[in-house]
Amino acid sequence: MKNYFIKLSALLVMLVCVESAQAQFNLGNILGGVLGGKSSEKTTSESTKTSDLTNDSGYLTEIPDDYAKSEDVVLLHENEKDIYGDIADRCVDLFDELYCDNFKAVFDPANFVQCKQDTLEAWDMLNPYITYMHIKDAGEDGKVVPAGEGIGNVGAILKKYYAMGGRDLTLE
């Protein structure tokens, strides 16, 4: 298995169906050091060391899927510009290595436009991993425009998302 170093700040961390404040606090204990925060319950020597999940540069080297599963947490990767998972090929690379019930994709058409990635091609490559979608569009110059007024094929992709059962959306 390849080692991918994903900057945690490049991941959209979303709590899905977390039933208690304790679960949120536990996620902070596990990932707090990576995010630069501190655990208020235990010292680093007493708690799970975040360095087990990261390298010396603070890059995540594995997805804590057992912990995420036990706490009913889903980590979502958004195709954000200026990160490794910006274009469809790189997103597929990440998901080939890391995809599981607790690590899925957010699809953002405008971000693909801004990276000069064809959004319909990206959709075809990534739809098996997508669980969440942003309603955001951009013009040829990369500037964000109202959804449907850019070149992100938002309407066509929304139809495909809906047809596969997708219902989770964010208006940006």
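Residues numbered from 1 in each chain as written. Predicted model: local features only at pLDDT ≥ 70, side-chain atom pairs only at ≥ 80, totals over all residues. Heavy atoms only, no water.

A.B. asks: Could you clarify how one ought to interpret empty space enclosed by the protein in this entry?
C.D. replies: It is a probe the size of a water molecule, rolled over the atoms, that shows where empty space is left. The final tally for this structure, using the stated rule, is one cavity of 30 Å³ or more. When its volume is computed, the largest cavity comes out at roughly 50 Å³. Around the largest cavity, the lining residues are His77, Glu78, Asn79, Cys91, Phe95, Ala105, Val106, Phe107, Phe112, Leu126 and Ile130. Secondary-structure elements contributing two or more residues to the lining of the largest cavity are strand 4 (74-78), helix 3 (88-98) and strand 5 (103-107). A per-element tally of the lining of the largest cavity places strand 5 first, with three residues. Class assignment of the residues belonging to the lining of the largest cavity gives a composition of eight nonpolar, two polar and one charged. (1 Å grid on protein atoms, 1.4 Å probe; cavity = no way out; pocket = protein on both sides within 12 Å on 5 of 7 lines; lining within 4 Å. Points joined across faces, edges and corners; volume = space filled by probe spheres on them. Helix = DSSP H or I, 4+ residues; strand = E, 2+ residues; numbered from the N terminus. Nonpolar A, V, L, I, M, F, W, Y, C, P; charged D, E, K, R; others polar.)

A.B. asks: Can you help me understand the pairing of strand 6 (residues 130-135) in this one?
C.D. replies: Two faces belong to every sheet, and in a regular strand the side chains alternate between them. Among the six residues in strand 6, five count as buried, and that is most of the element. Examined bridge by bridge, strand 5 and strand 6 share three bridges and lie parallel to one another. Looking at the pairing, Val106 lines up with Tyr132 of strand 6. Note: strand 6 against strand 9 (residues 169-171), three bridges, orientation parallel. Within strand 9, the residue paired with His134 across the bridge is Thr170. (Buried < 20%, exposed > 50% of the residue type's maximum accessible area, 1.4 Å probe, protein only. Pairing = 2+ DSSP bridges.)

A.B. asks: Which parts of the structure should I look at to understand the environment of Lys143?
C.D. replies: Position of Lys143 relative to the elements: it lies in the loop between strand 7 (137-138) and strand 8 (144-145). Taking the relative accessible area as the measure of exposure, Lys143 reaches 58% and is therefore exposed. Between the alpha carbons of Lys143 and Gln114 there is a distance of 7.7 Å; along the sequence they are 29 residues apart. Beyond its immediate sequence surroundings of up to four residues, Lys143 is in contact with Asp137 and Ala138. (Contact = heavy atoms within 4.5 Å.)

A.B. asks: Which parts of the structure should I look at to understand the pattern of salt bridges?
C.D. replies: Pairing between side chains becomes possible if they bear opposite charge and their charged atoms approach one another. One pass over the structure, following the stated rule, counts four salt bridges. Its salt-bridge partner being Lys136, residue Asp108 comes within 3.3 Å of it at the nearest N-O pair. Placement of Asp108 in the loop between strand 5 and helix 4 (109-114) and of Lys136 in the loop between strand 6 and strand 7 is noted, with a sequence separation of 28 residues between them. Pair check on accessibility: Asp108 and Lys136 agree, each one buried. (Salt bridge = Lys/Arg side-chain N within 4 Å of Asp/Glu carboxyl O.)

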